Structures are given as structure tokens and as C-alpha cells.
Amino acid sequence: MMKGHLTVFLSLSLSLLTGFILLLTGNAVKNAVKVRYECAVDTGMNAVLSEFHIGLFERYGLIYIDASYLERHPCISNTEDRLKFYIEENTTKILTEKNAPWGQINVQEVVIPYFETAAADMGASMRNQAVCIMEDTGICGEERDISSQMGEMRKLSQSTPMEEWDSIMEQLNSMELPRILNEEGIWEEVPLSNPADGIYHLAQSDILFLAEINLDAVNPAKIFLENYISHRQIENIISTRQSFKKEDNLFLSYLYENMGYFENPRALSLLSCQMEYIVEGKASDLENVRAVAEELFRIRFADNVICALEDGQLRAQALALAENLQAVSLKEELKAPVAESILYACAFLESVGDVRALYKGKSIPVRKSSHSMSVSCVLGDRSYDVEGGQGWSYKQYLGGLILLAGEETVNLRAMDIMEMDIRLSDGNHNFKMDWCIERYEANITATGYGCNYELRRLYGYF
């Protein structure tokens, strides 16, 4: 009888123990499935980030996933497919191998509801990476001296010296000239013969011609602006998860480091004078170089006009020259505006000389303390060479113009250049900076061992 009790007790105990062991085994397998699922998701997220665009990294040092994956049309489903592929390689696919772990996992859906691109905050993401790169290398070029005089540069850029000169010349044209009785007894008008007239008419000429700028390095190619990010409908500009570094000096240093300009043109690119494009945004190197030269002339003209008007000795020369004109001697009220127009003509000639000097590699101060102006050049109707000295080089003036262009404009035009360069390489016809992903969030659902699993992950480079 005792043996029968023992047998029943052992049977019941064994059943309970077996059930407990199976329960523990089942929970262990379930937890192992969950851990493998999480590891597979994390591995997949990192694997997608490992496929950053090599060309963009090698050319500009920027790290982004290209959602076009070379030949395809850029869309987020491409990235979702890549993420699902990597997760399945470490879940479903691994179960078909020898000595596979217990517990099947089937990936049901991979959705990327949120992602940030290089165009986030109108290019602030791209600028942030560029600034981080330059924080490591530091500012070592001429750009480190630009910020200290940007206030003066901004004031000069807002001046309108040409309009002021136009107003003076219009005033003179509207004034009635004196009349004298000629030998035939007829009253005739005395011509003003203002020596500033010839210089004033030169203002309508091409500054590239006046300053004798050599254009041999200018690329003749012309681009279609509508193909690039600053002119097309921009996508994926939202960013709500991070703040961006925007330091102007560091970003300017990055542009100098990676892009060409008139003195150092970029070879094998659609545009050789890329930084001039960032300033002006026109469709060809020639247009951009001309527009930058006009900007430089306007800034130099504004400063030289201030110098001329404040120089008492130069004003005395202009008044003396005006007094020698017959019309002025007969009509005193002509004297002041004629002298003023001569001062503007002196400043014009000095400004042409400044621009010529800049393009010859010389330096010109943003605000001059001295000048080379004289009325003799106005009488000769000729420009002259400016010696140059301590001041800003062409490269520094160009950097100043970039800072004046505004952060958003500079960001977008810099990304235009990046798109131009990358699309020249094989397989990158569909490359777009607003589809270059820096951070992404994914929702992944799966089933396995009788359970449903769902994970949300946010991964990125920054």
C-alpha cells in the first residue's frame, strides 16, 4: 500500500516539476525571442546608418543616408525596405540555418514615421555638420579677421552712392545754363562742360571691362537653376528633436575649405566659382563673377565717396576746377553741384582702381584712412592703379558678401553646389539634399512564439 502511495506522489511531483520546467523553458524562449528581436532591430538601425553616401562624405565630409539609394527615386519606403531587410537577416533568415535558436520571429511591418534630412530647418542640419567638422580643425585662414569689420561692411553695402550721384547729375541737367551774346548778335547757351560727365557715362559700362579682370578661369557652362534645392519645392525641412550649431565663421571656413572661387576655381564641377554662386545664385560663373564685382565696386564706391566728401583739400581742388568753367563763372549756383559731381567722379575712378587691385591679389581696407584721389584723373578721363596695402583681400571681401547674403540663402545655395557636384558621379542622377537622412525614427512590429512585439527606435549620426 505504501509503495502505491509513493508511486502516485512521485507521479504527481514529476508532473508538477515537468510543468514548471516547461513553463520556465517557455518563458526563457519567449524572453530570448524578445532579446533577439531587440538586438536585431538595433543592429538593423545601425546597419542602415552604415550605408551613408560615400561620395558626399569623401567630397564634403558630410554623413547622410541617400534615400534614393543611387538609381532609385528618393522616398522613405526605400529606407524602410533596407531596415526590414537587415532585421529579417537577423531574425527570420537565421532560423533556416543549422543550430538555429529556438523561437521564431516574423517581422510584420517596418514604418519610419519621422526623419530629419540635410534640409532640416532650411539647411541648418547641413550647416551643423560642417561647423562640427571645422570645430575639430579650427579656423586658420583669412576668414578669422572678417567678423570684426562686418558692421562697417554692412553699412557700406546699404549705401546708395550711385543714386546720390544720379541725383546730383539730374539736378545739374535741370538747371538753366547761362546765355551770352555771340559775335552774330544771337543769344546762345554756354555749355557746362562738366569734366565729371565723361566719368559719369562710364558708370554704365561693365565693371569687368573697366577693372580689366581676366576671365580665363571662368567656366562657360550654364546650369538649370530649377533643378536644385534653392529653386525647387523643398521637402523634409522639419526638425523638432535637436538644436543646431550655426557659427558663421566656422561655416565660412568650411566653404573656403571645400568650394572653389575666382582666385581658386574648382575643377571638374558644373560651376568653378562656387562661392560667387553662393553670393549671387545666378546660372553661370560669368554672371556670378560679374555680379560679385558689381557688389565689390558698390561697397568700395560707398567708402570712397565718404573719403572724398570729407577731404577738404580734394573739395578745394574740385571747387577750383568748377570755377574755371565758363558757365560756372557766369552762374554761381552751378558751382556747388559741379564740384560735388567732380568729387563723386574722383571716388568712381578710385573704386575702379580698388576693384582692379583686389582682382590682382592686392588688399584694400574696408574703410580707408587715406586715398589716391585727385581731380587730375577726372580731367584726364582715366582710371589708375591703386597700390593696395593693409586691408581685406578679394577672398575676405567674398566671405563678407556671403555673410551678408543671410543664413538661409547661404545654406540652400551651398546645398545647390553639393547637388551639382554629387550628380556628376555615376549613379547619382536622383541625388537630392532634402532626401539625405541624418536621423530617423522607426516603428517595427513582429510576431513570435505566440506573442506580438513592437519597438520604437530613434537613431542618427548626431
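All of these numbers come straight from a predicted model, not from anything done at the bench.

Below, the discussion takes up the overall build of the protein. Looking only at helices and strands, the protein features 17 helices and 6 strands. For the protein, the C-alpha radius of gyration of 36 Å lies well beyond 23 Å, the compact-globule estimate for 462 residues. On the principal axes, the C-alpha backbone points of the protein span a range of 160 × 35 × 35 Å. Counting across all 462 residues of the protein, residues that qualify as buried make up 49%. Long-range contacts, defined as pairs at least 24 residues apart, comprise 78% of the intrachain contacts of the protein with a sequence gap of at least 6. Carbon and sulfur atoms make up 52% of the accessible area of the protein, which amounts to about 22200 Å² in all.

It is characteristic of soluble globular proteins that their nonpolar side chains tend to be buried jointly. Met126, Leu255 and Met433 are the most contacted members of the largest nonpolar core, which totals 112 residues. Looking at this core, the element that brings in the most residues is helix H14 (residues 335-359), giving 15 residues. The residues touching Met126, leaving out its near neighbours within four places in the chain, are Leu62, Tyr64, Ala118, Phe251, Asn411, Ala414, Met415, Met418 and Met433. Of all hydrophobic cores here, the second largest spans 30 residues; its members include Ile105, Ala446, Cys451 and Tyr453.

Next up on the list: the packing of helix H9 (residues 248-258) against helix H17 (residues 407-423). To characterise two packed helices, one gives the angle between the axes of the helices and the distance between these axes. Two numbers describe how H9 lies on H17: the axes approach to 13 Å, and their chain directions differ by 20 degrees. Between H9 and H17, the angle falls in the class roughly parallel. The hand of the H9/H17 crossing is left-handed. Contact with H9, carried on its side by Phe251, Tyr254 and Leu255, involves Val410, Asn411, Ala414 and Met418 of H17 and no other residues of that element. Here the contact of H9 with H17 is composed, by residue class, of 6 nonpolar, 1 polar and no charged.

Moving on, we come to the layout of surface pockets. The computed volume of the largest pocket comes to approximately 300 Å³. Lining the largest pocket are 14 residues; nearest its centre among them are Met162, Ala203, Glu294, Phe297 and Arg298. The set of elements that each furnish at least two residues to the lining of the largest pocket consists of helix H6 (161-174), helix H8 (207-210) and helix H11 (285-310). Top contributing element to the lining of the largest pocket by residue count: H11, with 5 residues. Grouping the constituent residues of the lining of the largest pocket by class yields 7 nonpolar, 1 polar and 6 charged. Lining the second largest pocket are 14 residues, with Pro365, Lys368, Ser370, Val386 and Gly388 sitting closest to its centre. A per-class count over the lining of the second largest pocket returns 3 nonpolar, 8 polar and 3 charged.

For Asp121, which is not glycine, the phi dihedral falls at a positive 55 degrees. Along the chain, Asp121 falls in helix H4 (residues 120-137). For Asp121, a relative accessible area of 35% puts it in the partly exposed group. Positive phi values are uncommon outside glycine, yet Ser193 reaches one of about 55 degrees.

This part covers helix H5 (residues 150-158). Listed as buried for H5 are Met150, Met153, Leu156 and Ser157. The buried residues of H5 occupy an angular sector of 125 degrees when projected down its axis, which confines them to one face. Away from the buried face of H5 by more than 90 degrees, exposed residues Lys155 and Gln158 are located. In this structure, the buried residues of H5 make contact with H11 and helix H16 (394-405).

Another aspect to go through is the pattern of salt bridges. Per the stated rule, a full pass over the model turns up 22 salt bridges. The closest approach of N and O atoms between Glu212 and Arg356, which form a salt bridge, is 3.5 Å. With a gap of 144 residues between them, Glu212 in the loop between H8 and H9 and Arg356 in helix H14 connect regions that are remote in the sequence. Given the relative accessible area of 59%, Glu212 is considered exposed. For Asp354, the salt bridge identified is with Arg300, shortest N-O distance 3.1 Å. In this pair, Asp354 sits in helix H14 while Arg300 sits in helix H11, placing the two residues 54 residues apart along the sequence. Take Arg300: its relative accessible area is 0%, and that puts it in the buried class. Shared partners join several salt bridges into a network, and the residues in it are Glu152, Arg300, Asp303, Glu350, Asp354, Arg367 and Lys368.

This brings us to H4. Counted at 1.5 Å a residue, the expected span for H4 with its 18 residues is 26 Å, and the 25 Å between its end C-alpha atoms agrees. A maximum bend of about 25 degrees is found in H4 at Arg127. For H4, the buried fraction is high: 13 of the 18 residues fall into the buried class.

Turning to the packing of H5 against H16, a few remarks are in order. Interhelical geometry of H5 versus H16 gives an angle of 75 degrees and a closest axis separation of 10 Å. By the criterion of interaxial angle, the relationship of H5 to H16 is roughly perpendicular. Counting all contacts with H5, which are made through Met150, Met153, Arg154 and Ser157, the residues of H16 involved are Tyr397, Gly400, Leu401, Leu403 and Leu404. For the contact of H5 with H16, the residue count by class is 6 nonpolar, 2 polar and 1 charged.

Take Asn411: it is sitting in helix H17. What makes Asn411 buried here is its relative accessible area of 0%. Residues within four places of Asn411 in sequence aside, it is in contact with Met122, Gly123, Ala124, Met126, Arg127 and Phe251.

How each quantity is defined
- Residues numbered from 1 in each chain as written.
- Predicted model: local features only at pLDDT ≥ 70, side-chain atom pairs only at ≥ 80, totals over all residues.
- Heavy atoms only, no water.
- Helix = DSSP H or I, 4+ residues; strand = E, 2+ residues; numbered from the N terminus.
- Rg over C-alpha atoms; globule rule 2.2 N^0.38 Å.
- Buried < 20%, exposed > 50% of the residue type's maximum accessible area, 1.4 Å probe, protein only.
- Contact = heavy atoms within 4.5 Å.
- Areas by Shrake-Rupley, 256 points an atom, 1.4 Å probe, with all protein chains shown as cover.
- Core = buried A, V, L, I, M, F, W, Y, C linked by side-chain atoms within 4.5 Å.
- Axes fitted to C-alpha atoms, helices over the stretch in contact; angles between N-to-C directions.
- Parallel < 35°, antiparallel > 145°, perpendicular 65-115°, else oblique.
- Left-handed = near helix turned anticlockwise from the far one by under 90°.
- Nonpolar A, V, L, I, M, F, W, Y, C, P; charged D, E, K, R; others polar.
- 1 Å grid on protein atoms, 1.4 Å probe; cavity = no way out; pocket = protein on both sides within 12 Å on 5 of 7 lines; lining within 4 Å.
- Points joined across faces, edges and corners; volume = space filled by probe spheres on them.
- Arc of directions from axis to C-beta.
- Salt bridge = Lys/Arg side-chain N within 4 Å of Asp/Glu carboxyl O.
- Expected span 1.5 Å × (residues − 1).
- Bend = angle between axes of the 7 residues up to and from the residue.

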